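Structural description and commentary
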Amino acid sequence: MATVLITGGAKGIGLGAAERFARDGWTPVLADFDGELAAAEAERLGGDHVAVDVTDRDGQFAAFADVARRHGAIDALVTCAGLTIQGPSHDLPEASWRTVLDVDLTGTFFSCQAAVEHMPQGSAIVTIASIAALRGMPARAAYVAAKAGVVGLTKALAAEWSERGVRVNAVAPGWVDTPFLRDAAERGYVDLDVLAQRPPLRRLAEVGEIADVIAFLAMAEARYVTGQTVYVDGGWSWAM
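The structure presented is a predicted model; accordingly, all values stated were derived computationally and were not measured.

1. Quick look at helix 4 (residues 94-116)
Taking 1.5 Å as the rise per residue, helix 4 with 23 residues should run 33 Å; its terminal C-alpha atoms sit 31 Å apart, in good agreement. Along helix 4, the helix axis deviates most sharply at D102, where the bend reaches about 40°.

Below is the structure:
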């Protein structure tokens, strides 16, 4: 049975991906900062879990090695762990900038480093970028920079790790109906009705729609696809 390790796997897009992989017969390993929630969701899905902080390089190396010992290998990695901190760019605190870059970009790199040594030929990595990497968003300078970095990182790793037989692609969602987004709406940061009208499809994405593309890129059907960023955004990336 193939094993997929998903950072940020206890909620949102990460959990949606875990559910999709479980339905396809994979063993999902939920790697999340919230170890208790990851354990509960992993039990529900018949998978495994590990508590990780993606900014802790050594911790990830140890945790991922343990996952590989338990399951024999890591056949796919999905890097869903991420966050954003909003605020005017001209006075964004240094701590806010560093936190977002550390989690969203550096954490993604550490996860890839920690997993690749345990990935056999034919394995796949799917990073999570964002429509923000292409279009930009006000008051989210750190997030935009980090996600643009994820797109570049994905290309670099795809070019380098092709020799290992490991494909690396990115999924860049638009606005997705997640608890994270609904919390932002409740705080007054975004208007869900306005956001839903921006893409040509005139609605927010469902988590499962993002998970479907993640799963495709991890599976053999996408065996000749690497170094790509797939924008799953209802057409927002090209619409005026």
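The discussion continues.
2. Considerations on unusual backbone geometry
A positive phi angle, close to 65°, is found at A139, a residue other than glycine. The exposure class assigned to A139 is partly exposed, which follows from its relative accessible area of 31%. Backbone geometry at R202 places phi at a positive 60°, although glycine is not the residue there. Judged by relative accessible area, R202 falls into the partly exposed class, the value being 45%.

3. A few points about the nonpolar core
Grouped together as the largest cluster of nonpolar side chains are 31 residues, with contacts concentrated most on I6, F21, V78, V171, I210 and I214. For this core, the elements supplying multiple residues, two or more each, are strand 1 (3-7), helix 1 (12-23), helix 2 (35-45), strand 4 (76-79), strand 5 (124-128) and helix 9 (207-218). The dominant element in this core, judged by the number of residues it contributes, is helix 9, at eight residues. In this structure, V78 is in contact with V4, L5, I6, T7, F21, V126, I128 and I214, ignoring residues within four places of it in sequence. Of all hydrophobic cores here, the second largest spans 22 residues; its members include L77, C112, V116 and I125.

4. Brief notes about the packing of aromatic side chains
Across all of its chains, the model carries two aromatic pairs by this definition. Seen in terms of ring centroids, F21 and W26 are 5.0 Å apart; in terms of plane orientation they differ by 65°. Their pairing is edge-to-face. A relative accessible area of 0% places F21 in the buried class. Exposure remark for W26: the relative accessible area of 14% places this residue in the buried category.

5. Brief notes about the environment of A172
Mapping A172 onto the fold places it in strand 6 (residues 167-173). Each C-alpha atom of the pair A172 and A184 lies 19 Å from the other, and the pair is twelve residues apart in sequence. Excluding anything up to four places from it in sequence, A172 contacts A129, S130, I131, T229, V230, Y231 and V232.

6. A few points about the sheet that holds strand 3 (residues 48-51)
Spatial ordering of the open sheet is given by 3-2-1-4-5-6-7, a layout of seven strands whose pairing is parallel. Of all strands in the sheet, those bounded by a partner on one side alone are strand 3 and strand 7 (229-232). The average angle at which neighbouring strand axes cross in this sheet is 20°, direction not considered. Where strand 6 meets strand 7, four bridges bridge the pair, whose relative direction is parallel. If you follow A172 over to strand 7, its bridge partner there is Y231. Along the sheet, helix 1 contacts strand 1, strand 2 (27-32), strand 4 and strand 6; its crossing angle with strand 1, the most-contacted strand, is approximately 170°. Together, strand 5, strand 6 and strand 7 form the strand contacts of helix 6 (residues 141-161), whose direction differs from that of strand 6 by roughly 160°.

7. Structural notes on the pairing of strand 3
A one-sided burial pattern is seen for strand 3, the buried positions being D48 and V50 and the unburied ones H49 and A51. By the bridge criterion, four bridges tie strand 2 to strand 3 in an arrangement that is parallel. Bridged to D32 within strand 3 is A51. A crossover connection joins strand 2 to the parallel strand 3 through helix 2; in handedness this β-α-β unit is right-handed.

8. Side note on the pattern of salt bridges
In this structure the tally under the stated criterion is 13 salt bridges. The shortest N-O distance in the salt bridge between D212 and R20 comes to 2.6 Å. In this pair, D212 is assigned in helix 9 and R20 in helix 1, connecting sequence segments 192 residues apart. Between R182 and D177 there is a salt bridge, and its shortest N-O distance comes to 2.7 Å. Residue classification places R182 among the partly exposed positions, given a relative accessible area of 40%. What you see here is one network of salt bridges that share partners, running through D48, D66, R69 and R70.

Parameters at a glance
Residues numbered from 1 in each chain as written. Predicted model: local features only at pLDDT ≥ 70, side-chain atom pairs only at ≥ 80, totals over all residues. Heavy atoms only, no water. Helix = DSSP H or I, 4+ residues; strand = E, 2+ residues; numbered from the N terminus. Expected span 1.5 Å × (residues − 1). Bend = angle between axes of the 7 residues up to and from the residue. Buried < 20%, exposed > 50% of the residue type's maximum accessible area, 1.4 Å probe, protein only. Core = buried A, V, L, I, M, F, W, Y, C linked by side-chain atoms within 4.5 Å. Contact = heavy atoms within 4.5 Å. Phe/Tyr/Trp six-rings, centres within 6.5 Å; stacked < 30°, edge-to-face > 60°. Pairing = 2+ DSSP bridges. Axes fitted to C-alpha atoms, helices over the stretch in contact; angles between N-to-C directions. Right-handed = clockwise from strand over helix to strand, strands pointing away. Salt bridge = Lys/Arg side-chain N within 4 Å of Asp/Glu carboxyl O.

The values reported here are purely geometric and, on their own, carry no functional implication.
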